Each structure stands twice: as C-alpha cells, then as structure tokens.
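Structure at a glance
Each chain is listed here by its residues.
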Amino acid sequence: MNNPLGLSKAKLNDIFGDVNTLYRDNVEEVISEHVLRGLKKLFENALKAEALGYIKARWYKRSRSRVDSRNGFRYRNLATAFGVVRAIKVPRVRKPGLQFRLFDRYQRRWRKVNQFIREIFIGGVSTRNVGWVMQSLVGKTVSASTVSMVCKVLDHEVRQFHRQPVVDDYVFLFLDGVRQRVVSCGQAVKKLVLVAYG
C-alpha cells in the first residue's frame, strides 16, 4: 500500500486511533453537523446567486441594468428533514419585490417537515405532543397551534371523504361504539358514537 505522507504504521495507527475514539460514540451527530453545514453553504450561495440575478449587478458595480441595490443580510433559521439549519444569511435589497424561490417569505420549515407533522398527527399523537416528537426528529419543537395550522390542509381531504357516496358493495359490516369526550353546555361529557366499518 502506498504511503504518500511517509508515516510509519505505528504513527498512522496512533492518528486514526484518536479519530476513531473521537467519532465512535457520536457518528450520527458528526455526520448531521456536516450535512447541516453543507446545506447552509448551499442555501447561502443559492440565495446570493438569486439576489445577483435580481439586482443585475455585482457588488459596488455601477450599471444601467441595475434594478435595485443591496441592503445587507438578515438571518433565518430553517427546519429541514436533517435538522435545523441555523443563521442562514438571506440577502436584503432596498426596494420590496425580491422573492426567493428557495423558500417563501415567512417559511421556517421545509414542506417535508410539515409532512412529518401531518403524519405524526394522523398517527394519533395529540397536537401538544407532536412538538416533543419533532424535537427528537428534527431538533426543533412546534407549538400545538402550528400543528393545527399545518394540518388544516387535511380538512379538505376529510370533507371529501365524508361527502363521498357510500356504495353497497361491502361483504362485512362492523359496528362499534366509541366513547368520545364532547363539550356540551360548558361541560365535558362522554357520549357514545356509533362507528361502522365495511
């Protein structure tokens, strides 16, 4: 085997032994940090290129084709499927009108993270407990109101399901009673709800 550094086997074992000790316990964390750092660099370069395309002039260059001028940066955190990318430098311009394609104006989560939230909620986790699950998955909690807002997309699908005609092609019909807590006259009362599966 070639040894371009000219180091002895003992020295190489010593170096890689230290590396192995360092990364043995937290390989996932180290990989996650590198992925998040790479995403941050990718996002920032894409945002700079998009701002340059919008302004139509480089830094400190006077041009007739210039549409706007730069106005520094603002910092934004973005929750991704890999974790939270912190302090992304988002270019600012003086006049309103620059809309980035990378994410919407007030977007703080990837669509995939919203899909995680919906799937967790559909899986039966309460809106309050979804935040704890998201903390372990993505490293960022979400509030119960955020879960409700993200899951509003499901309302249309549920309405369509409720309005679809019931076809009489079922061989078996299972009926069951489920007790649900219902607020009636200002008090929480348990009522029996009939459920049919076929």
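Our subject is the structure that appears above.
What you see is a predicted model, and the numbers here were worked out from it, not measured in a lab.

**Quick notes on the pattern of salt bridges**
Note on pairing: side chains with opposite charge can pair once their charged atoms come close. By the definition in use, this model includes two salt bridges. Between glutamate 33 and arginine 37 there is a salt bridge whose closest N-O contact spans 3.9 Å. One end of the pair, glutamate 33, and the other, arginine 37, are both in helix α2 (residues 27-55), four residues apart, so they sit about a helical turn from each other. Arginine 101 is the partner of glutamate 50 in a salt bridge, and the nearest nitrogen-oxygen pair spans 3.7 Å. One end of the pair, glutamate 50, is in helix α2; the other, arginine 101, is in the loop between β2 (83-93) and α3 (111-122), and 51 residues separate them in sequence. Glutamate 50 sits in the buried class, given a relative accessible area of 16%.

**A short note on the environment of valine 93**
Position of valine 93 among the secondary structure elements: in strand β2. For the pair valine 93 and alanine 51, spaced 42 residues apart in the sequence, the C-alpha separation amounts to 8.2 Å. Leaving out residues up to four positions away in the same chain, valine 93 has contacts with Tyr54, Ile55, Asp68, Ser69, Arg70, Asn71 and Leu98.

Thresholds applied
Residues numbered from 1 in each chain as written. Predicted model: local features only at pLDDT ≥ 70, side-chain atom pairs only at ≥ 80, totals over all residues. Heavy atoms only, no water. Salt bridge = Lys/Arg side-chain N within 4 Å of Asp/Glu carboxyl O. Helix = DSSP H or I, 4+ residues; strand = E, 2+ residues; numbered from the N terminus. Buried < 20%, exposed > 50% of the residue type's maximum accessible area, 1.4 Å probe, protein only. Contact = heavy atoms within 4.5 Å.

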